[in-house]
Amino acid sequence: MPSSRSVKDGKVDRAADDAIARFTTRGILDFPISFLPNGNLATGGIFIIQAKGNKFVQVKGVTL
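**Overview of the side chain of Ser-34**
- Looking at the element boundaries, Ser-34 is found in strand β4 (residues 32-35).
- Non-local contacts of Ser-34, meaning those with residues more than four positions away in its chain, are made with Phe-23, Thr-24, Asn-40, Leu-41, Ala-42 and Thr-43.

Here it is, written out as structure tokens:
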């Protein structure tokens, strides 16, 4: 992911920082994802998912 700071003509676009900090979504398996103003993940993580029948089951997870 590129930096959350948009730089144009040597000036930082603070609106980009504010926008990334307000951005939240849900991942493909419905886990929440959000970011800090500097572009780092605020929530999220790594999950090992196993398909059992017609469902996905979390086997292991590491969250931020």
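Back to the write-up after that little detour.
**Brief notes about the sheet that holds β4**
- Taken in spatial order, the three strands line up as β3-β4-β5 in an open sheet, and their pairing is antiparallel. Bordering the open sheet on either side are β3 (24-26) and β5 (41-43), each of which pairs with just one other strand. Within the sheet, the average angular offset between the axes of one strand and its neighbour, ignoring direction, is 30°.

**Some thoughts on the pairing of strand β7 (residues 55-63)**
- Little of β7 sits out of view: just zero of its nine residues are buried.
- Pairing of strand β6 (residues 45-52) with β7, which is carried by eight bridges, proceeds in the antiparallel orientation. Among the inter-strand pairings, Gly-45 is bridged to a residue of β7, identified as Thr-63.
- Following β6, the chain reverses through two residues before pairing antiparallel with β7; Gly-53 in that reversal takes a positive phi of roughly 65°.

Calculation notes
- Residues numbered from 1 in each chain as written.
- Predicted model: local features only at pLDDT ≥ 70, side-chain atom pairs only at ≥ 80, totals over all residues.
- Heavy atoms only, no water.
- Helix = DSSP H or I, 4+ residues; strand = E, 2+ residues; numbered from the N terminus.
- Contact = heavy atoms within 4.5 Å.
- Pairing = 2+ DSSP bridges.
- Axes fitted to C-alpha atoms, helices over the stretch in contact; angles between N-to-C directions.
- Buried < 20%, exposed > 50% of the residue type's maximum accessible area, 1.4 Å probe, protein only.

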